[in-house]
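Structural overview for review
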Amino acid sequence: MSSSSLASALAAATSVLAEAGVPSPRVDAELLAAHLLGESAGRVRALAYTDTPAPEGFSELVAERARRVPLQHLTGKAYFRHLELSVGPGVFVPRPETETVAQLVIDHAAGRPLKIVDLGTGSGAIAGSIAQEVPQAEVFAVELSPLAHGWAEQNLAPLGVRLELGDLRTAFEEQNGTFDVVVSNPPYIPALAVPNEPEVADHDPVAALYGGGADGMELPLAAVAAAARLLKAGGYFVLEHAEVQAETIFERMAALADWDAVATHPDLNGRARATSAIRR
Ligand SMILES: C[S@@+](CC[C@H](N)C(=O)[O-])C[C@H]1O[C@@H](n2cnc3c(N)ncnc32)[C@H](O)[C@@H]1O
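Residues numbered from 1 in each chain as written. Predicted model: local features only at pLDDT ≥ 70, side-chain atom pairs only at ≥ 80, totals over all residues.

Now for the nonpolar core. Side chains of nonpolar character tend, in soluble globular proteins, to be buried together. The biggest cluster of nonpolar side chains holds 62 residues, and the ones touching the most others in it are Ile-116, Val-117, Ile-130, Val-139, Ala-141, Val-182 and Ala-227. Looking at this core, the element that brings in the most residues is helix H11 (residues 218–230), giving 8 residues. Leaving out residues up to four positions away in the same chain, Val-139 has contacts with Ile-116, Ala-127, Ile-130, Ala-131 and Val-161. Residues Leu-32, Val-44, Phe-58 and Leu-61 belong to the second largest nonpolar core, which totals 17 residues. (Core = buried A, V, L, I, M, F, W, Y, C linked by C-beta atoms within 7 Å. Buried ≥ 20, exposed ≤ 12 C-beta atoms within 10 Å, placed from the backbone. Helix = DSSP H or I, 4+ residues; strand = E, 2+ residues; numbered from the N terminus. Contact = placed C-beta atoms within 7 Å.)

This part covers the packing of helix H1 (residues 6–19) against helix H2 (residues 25–37). Relative orientation of the contacting elements H1 and H2 amounts to 130 degrees, with a least axis distance of 8 Å. The angle between H1 and H2 places the two elements in the oblique class. For the crossing formed where H1 meets H2, the hand is right-handed. Side by side, H1 and H2 meet where Leu-6, Leu-10, Ala-13, Thr-14, Leu-17 and Ala-18 of the first sit next to Pro-25, Arg-26, Asp-28, Ala-29, Glu-30 and Ala-33 of the second. (Axes fitted to C-alpha atoms, helices over the stretch in contact; angles between N-to-C directions. Parallel < 35°, antiparallel > 145°, perpendicular 65-115°, else oblique. Left-handed = near helix turned anticlockwise from the far one by under 90°.)

Further remarks concern the sheet that holds strand E9 (residues 272–279). Read across the open sheet, the 7 strands follow the order E5-E4-E3-E6-E7-E9-E8; overall the sheet is mixed. Looking along the sheet, the strands with just one partner apiece sit at the ends: strand E5 (162–165) and strand E8 (259–266). On average, each strand axis in the sheet is inclined to that of its neighbour by 15 degrees, with strand direction left out of account. Each of strand E3 (115–119), strand E4 (138–143) and strand E6 (179–184) touches helix H7 (residues 125–133); the most contacted strand, E4, lies at about 170 degrees to it. (Pairing = 2+ DSSP bridges.)

Right, let's talk about the environment of Glu-174 for a bit. Topologically, Glu-174 is positioned in the loop between E5 and E6. What makes Glu-174 exposed here is the crowd of 5 C-beta atoms within 10 Å. Along the sequence, Glu-174 and Gly-120 sit 54 residues apart, while their C-alpha atoms lie 18 Å from each other.

What follows covers the domain arrangement of the chain. Considered domain by domain, the chain is made up of domain 1 (6–67) and domain 2 (77–279). The C-alpha centroid of domain 2 is placed 34 Å from the C-alpha centroid of domain 1. (Domains from an automatic or database assignment.)

What follows covers the site of the ligand. Close to the ligand lie 24 residues; Gly-120, Gly-122, Leu-144, Asn-185 and Ala-208 are nearest. Here the shell around the ligand is built from residues that sort into 14 nonpolar, 7 polar and 3 charged. (Near = placed C-beta within 6 Å. Nonpolar A, V, L, I, M, F, W, Y, C, P; charged D, E, K, R; others polar.)

Right, dumping it as structure tokens:
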């Protein structure tokens, strides 16, 4: 494809990717070309009306994408709210629905100098967004996987987030009862609910997907316990979870003496994908 025009290479790539079952073949082809050309996707669309040649290495990247390697692993970048995060093998690619979870915290903080911790930070998407959008906040994060921690370090160091390698069950124990906000998007997929998309099943780390136990609830409930331990009275907790877990999490938290104002929140598609509560 490198000797062909950008326009014909994009058309050919789109059909290769569509054939491979990639959900947004034209957009992915444009984003791969944009990555190689160092241009925006919009500029690539404009260049496709000129006699610009296809970039060197385009067909190789398209072939990898056709093998369902995540687009973000090929470009090395994921976009989350206003952040451009470095990602690759070993780290969970942040999802758009998690932007709503970060929004709940950012709205709650309302620019105040709160002390906030993100449990299971992965690439650092939630912690990094909060640090960027609530610059007065003091932001902490913990990640168990050394590989993911490496990516988080790269993304969070410039934003001043204090990152630890460790288990959310025991993280920041010396600071128990001192946080204003705890947020977490832990692993929560039930054991037998293996994701269909090869990008997820073959490339997201197993430790980022499965929550533990048949219902995937072990880590979400560990995050609830960690939040109760870390928050001061009146502190705010937000947890992302699967839609099928919303009712159980609501009931479990409402039954605990630790929490007031337990509330379920919809994602952008109206699905019950997050729960918040106030530490009593
Ligand atoms: C679903 S991913 C979410 C990552 C990131 N918060 C996001 O929203 O993109 C869950 C993350 O929790 C990490 N994790 C799993 N078990 C953990 C534990 N016990 N303690 C801390 N982090 C853990 C995984 O390695 C993974 O990075």
